[in-house]
Amino acid sequence: MSGTDSRNAQVPDDPGTDGDGDGRTDAPSPPVARPLLQRLLRLATGLFLLAATVLLGCRALGSDGITPVPQILAFLPWLLVPSAVALLLTALLRWRTGVVWALVVIGAGGWFLRPFDTEAASASASHGRAGGAAPVTLKVLTSNVEYGLATRGLIDVIRDEKPDLVFVQECEFRCVELLDGLIPAADYPYRNVVKASSAEGSSILSRFPLTDTARIPGLLAMPGSTARVGDRTVRLQLAHPLPPIPGMVDDWHTELGRIRTFAAAQKAADAPLILAGDFNATRDHAAFRAVLDAGGLRDSALLAGAGRTPSWPTDLPRPLGAQIDHVLVSDDFSVRSARFLDLADTDHRSLLVGLELR
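Everything numeric in this text was worked out from a predicted model, so none of it was measured.

What counts as what
- Residues numbered from 1 in each chain as written.
- Predicted model: local features only at pLDDT ≥ 70, side-chain atom pairs only at ≥ 80, totals over all residues.
- Heavy atoms only, no water.
- Helix = DSSP H or I, 4+ residues; strand = E, 2+ residues; numbered from the N terminus.
- Buried < 20%, exposed > 50% of the residue type's maximum accessible area, 1.4 Å probe, protein only.
- Contact = heavy atoms within 4.5 Å.
- Areas by Shrake-Rupley, 256 points an atom, 1.4 Å probe, with all protein chains shown as cover.
- Salt bridge = Lys/Arg side-chain N within 4 Å of Asp/Glu carboxyl O.
- Pairing = 2+ DSSP bridges.
- Axes fitted to C-alpha atoms, helices over the stretch in contact; angles between N-to-C directions.
- Phe/Tyr/Trp six-rings, centres within 6.5 Å; stacked < 30°, edge-to-face > 60°.
- Lys NZ or Arg CZ within 6 Å of the ring centre and 35° of its normal.

(A) The overall build of the protein, seen in detail. If you tally the helices and strands in the protein, you get 11 helices and 12 strands. For the protein, with 358 residues in total, the buried portion stands at 46%. Sequence separation of at least 24 residues holds for 65% of the intrachain contacts in the protein that already meet a minimum separation of 6. A total of about 17,500 Å² of accessible surface is found on the protein, and carbon and sulfur atoms cover 58% of it.

(B) Highlighting the pattern of salt bridges. Under the counting rule described, the total for this entry stands at 10 salt bridges. Of the charged contacts, one joins Arg-191 and Asp-180 as a salt bridge, the two residues approaching to 3.4 Å between their closest N and O atoms. With Arg-191 in strand β3 (residues 190–194) and Asp-180 in helix α8 (residues 173–182), this residue pair connects regions lying 11 residues apart in the sequence. Taking the shortest distance from any N to any O, the salt bridge between Arg-232 and Asp-332 comes out at 3.2 Å. In this pair, Arg-232 is assigned in strand β7 (residues 232–239) and Asp-332 in the loop between β10 (325–329) and β11 (333–341), connecting sequence segments 100 residues apart. The exposure class assigned to Asp-332 is buried, which follows from its relative accessible area of 13%. By sharing partners, the salt bridges in this structure join Lys-139, Glu-161 and Arg-339 into a single network.

(C) How the structure looks around the pairing of strand β4 (residues 202–206). Most of β4 is tucked away, with 5 of its 5 residues classed as buried. Alternating positions in β4 separate into two faces, Ser-202, Ile-204 and Ser-206 on one and Ser-203 and Leu-205 on the other, with burial throughout. Strand direction decides the pairing type here: strand β2 (residues 165–169) and β4, joined by 5 bridges, are antiparallel. Bridge assignment links Leu-165 to a residue of β4, and that residue is Ser-206. Where β3 meets β4, 5 bridges bridge the pair, whose relative direction is antiparallel.

(D) Spatial organisation of unusual backbone geometry. A cis amide bond links Thr-67 with the next residue in sequence, Pro-68, at an omega value of 10°. At the junction of Arg-318 and Pro-319, the peptide bond is cis and its omega measures out at 10° in the coordinates. One non-glycine residue, Glu-146, lies in positive phi territory at about 50°. When you line up the elements, Glu-146 lands in the loop between β1 (136–144) and α7 (151–161). Notably, Lys-162 is not glycine yet its phi reads approximately 50°, a positive angle. Summarising the element assignment, Lys-162 is placed in the loop between α7 and β2.

(E) A look at the sheet that holds β11. Spatially, β3-β4-β2-β1-β12-β11 is the arrangement adopted by the 6 strands of the open sheet, whose pairing is mixed. Whereas interior strands pair on both sides, the edge strands pair on one side only; in this sheet they are β3 and β11. In this sheet, adjacent strand axes meet at a mean angle of 10° when their direction is disregarded. With 8 bridges joining them, β11 and strand β12 (residues 350–357) adopt antiparallel strand pairing. Its bridge partner lying in β12, Val-335 is registered against Leu-355. Across the sheet, α7 is in contact with β1, β2, β11 and β12; its angle to β1 comes to roughly 170°. Those strands touched by α8 are β2, β3 and β4, and its axis lies near 165° from that of β3.

(F) Representation of the packing of aromatic side chains in the model. This structure, assessed with the given rule, holds 2 aromatic pairs. The interplanar angle of 80° and the centroid separation of 5.4 Å between the aromatic rings of Phe-279 and Phe-288 together place this pair among those described as edge-to-face. Here Arg-207 stacks its cationic end above the ring of Tyr-188, 4.6 Å away from the centre of that ring.

(G) Up close: the environment of Arg-42. Checked against the element boundaries, Arg-42 lands in helix α2 (residues 36–61). On the basis of relative accessible area, Arg-42 is assigned to the partly exposed category, the value being 29%. When the C-alpha positions of Arg-42 and Thr-90 are compared, they lie 7.3 Å apart, and in sequence the two are 48 residues distant. Those residues in contact with Arg-42 that lie beyond four places of it in its chain are Arg-34, Leu-93 and Trp-95.

Geometric descriptors of this kind do not, in isolation, establish any biological role.
Structure (structure tokens):
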């Protein structure tokens, strides 16, 4: 080839250029790997959202599920806090699916909080319209004294507040002895006491005449009585089913089922009922809602505007914790007040409720 031909010949493109001599290439850049921390955060957030979805699904389907679902359901309102954190993380990670997922979880969690407000307002309004004879006012106190350790604190509350009815759970031998010795029989002449050790003992103290009735079967004593209040006979029942700790969830379901059966029978009898105690369950547990539905019962704390006040564990500052101590009443009663009281030496807050029996 001549020199002229050589100069006119085309030179092959440099593989590092795009052929126009500026050194750029049209080939796409290789994907950049996500930093390890981002991948771990996305995985952790996804796992949390999956767990939250399962939990909310159980709540929506009316199922308490298996461990750890019933244990976590007690704290369902607090699911909104980590859900908000998950929403923030998905936004920072620019994970669009995760953002939508977190919003759905937050919306569903907020929806299950609504009945606390709507039911309380409607029930209070219906009670306010009730007519009839002048009502009988009474105060009801329920307290879990944790193996009797908080009995002296309970005695102080009884002296200060002077409730008409007192339901005491975990009232073992020493608790009974202190109540007998320090609470005069003249103040509470009527008592239904089940003497037992540890958490198994229970007591009902009353200013009204009592007639003892059959207990609800359970490992922890659940005595019952009828009381003559004004010109009406009121059924009193102490509730203390086993807690839903791992390995005992079936027993918890069974004992709450017995309470539900009892409540349904009282509704059929159309008798005024006060069902009070440590239910080891919140309104987010299907087994507890079944008790309310079967007996046509109202939750006093809810009606008095304290539906979110925690009663356990007292190691957590308010408003943290779960409300597992309740005073449930039939619609023969109006609820005027509800206060949760701190006692030393117990992991439960006592609940003092003001009622009117129409």
